[in-house]
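Each chain, letter by letter, is given below.
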Amino acid sequence: MELTELLDQLKVLFGVENTKELTNKLKTVSVNNQFEYHQKFTDIVSDLKIDWLQKVYQYYEADREGKKQDYTPKSIGVLLSKLLGKCNKVYDQCAGSGSLTIQYWSYYPDTEFICEELDENVIPYLLFNLSLRNIRGYVVQKDILSDETYCCYKLKKGNDFSTITVVDRIDVDYERIDGAISNPPYNIKWKHPEFASFDSRFQYG
């Protein structure tokens, strides 16, 4: 399906006129568990092994200059999934719209995912994508460098789609996570913070 055709159908489905409004609508639909939109979206795209929303976000909403948001192609997601193999819990750092998680899920649908992402603008796409595929786990809006968390969402597997609830924190022992998939913005500008010298995550050598 061509991008313009997809966007036109999404505008009709969600009752919006542009991608800014689509972002807000996706957030509302997701956190309120309005599954009628999930079903209609599935009818439009049919193949859930493809991150259709990534195409929309990357072309119309991504901050390529400031946040270096050039999103991961499907082929990289397939490669990482095959390299990692089967795991019970998978950590997706800098998750974006969830394209790596979706590729891994397509091979191992019973996996629990912990997805962390800083950009609040892409969080609605990530939430809808995971709920649409009945994925269980957590979505955390978080600055992984400063280790500062802004919002947490829990996704509980349902009959067809995941139910999303806002939670105070995630109930996950990171040391018990089996595997990780990630494609962070390696070329983003970042100043080494003062706290890094006291943070074990930045000790290497």
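The structure this text deals with has already been given above.
Residues numbered from 1 in each chain as written. Predicted model: local features only at pLDDT ≥ 70, side-chain atom pairs only at ≥ 80, totals over all residues. Heavy atoms only, no water.

(A) A look at the environment of Y150. Positionally, Y150 belongs in strand β4 (residues 148-156). Exposure remark for Y150: the relative accessible area of 43% places this residue in the partly exposed category. Along the backbone, Y150 and E120 are 30 residues apart, and their C-alpha atoms lie at a distance of 9.4 Å. Apart from the residues lying within four places of it in its own chain, the contact partners of Y150 are L118, Q141, K142 and D143. Polar side-chain contacts of Y150 include one of 3.4 Å to the side chain of E148. (Helix = DSSP H or I, 4+ residues; strand = E, 2+ residues; numbered from the N terminus. Buried < 20%, exposed > 50% of the residue type's maximum accessible area, 1.4 Å probe, protein only. Contact = heavy atoms within 4.5 Å. Polar contact = N/O pair within 3.5 Å; in protein donor to acceptor, adjacent residues only side chain to side chain.)

(B) Region of the structure containing the sheet that holds strand β6 (residues 179-182). With respect to topology, 6 strands assemble into an open sheet ordered β5-β4-β3-β2-β1-β6, the strand pairing being mixed. The open sheet is flanked by β5 (163-167) and β6, the only strands paired with a single partner. Neighbour-to-neighbour, the strand axes of this sheet turn through a mean angle of 20 degrees, independent of strand direction. One ladder, built from 6 bridges, connects strand β2 (residues 112-117) with strand β3 (residues 136-143); its direction is parallel. When the sheet's bridge partners are listed, F113 is paired in β3 with G137. Docked against the sheet, helix α5 (residues 74-84) engages β1 (89-93) and β6, running at close to 165 degrees with respect to β6. (Pairing = 2+ DSSP bridges. Axes fitted to C-alpha atoms, helices over the stretch in contact; angles between N-to-C directions.)

(C) Spotlight on the packing of α5 against helix α6 (residues 99-107). Contact geometry for α5 and α6: axes closest at 8 Å, N-to-C directions at 50 degrees. Considering the angle they form, α5 stands oblique to α6. The handedness of the crossing between α5 and α6 is right-handed. Contacts between α5 and α6 pair K74, G77, V78, L80, S81, K82 and L84 from the former with L100, Q103, Y104 and Y107 from the latter. When its residues are assigned to classes, the contact of α5 with α6 shows 6 nonpolar, 3 polar and 2 charged. (Parallel < 35°, antiparallel > 145°, perpendicular 65-115°, else oblique. Left-handed = near helix turned anticlockwise from the far one by under 90°. Nonpolar A, V, L, I, M, F, W, Y, C, P; charged D, E, K, R; others polar.)

(D) Geometry of the pairing of β3. Across the 8 residues that make up β3, a large majority, 6, are buried. Between β2 and its parallel partner β3, the chain crosses via helix α7 (residues 123-132), and the hand of that crossover is right-handed. (Right-handed = clockwise from strand over helix to strand, strands pointing away.)

(E) Broad picture of unusual backbone geometry. For N134, which is not glycine, the phi dihedral falls at a positive 60 degrees. Mapped onto the fold, N134 is located in the loop between α7 and β3. Despite not being glycine, D147 has its phi angle at roughly 65 degrees, a positive value. Within the element layout of this structure, D147 appears in the loop between β3 and β4. With relative accessibility at 43%, the residue D147 sits in the partly exposed group.

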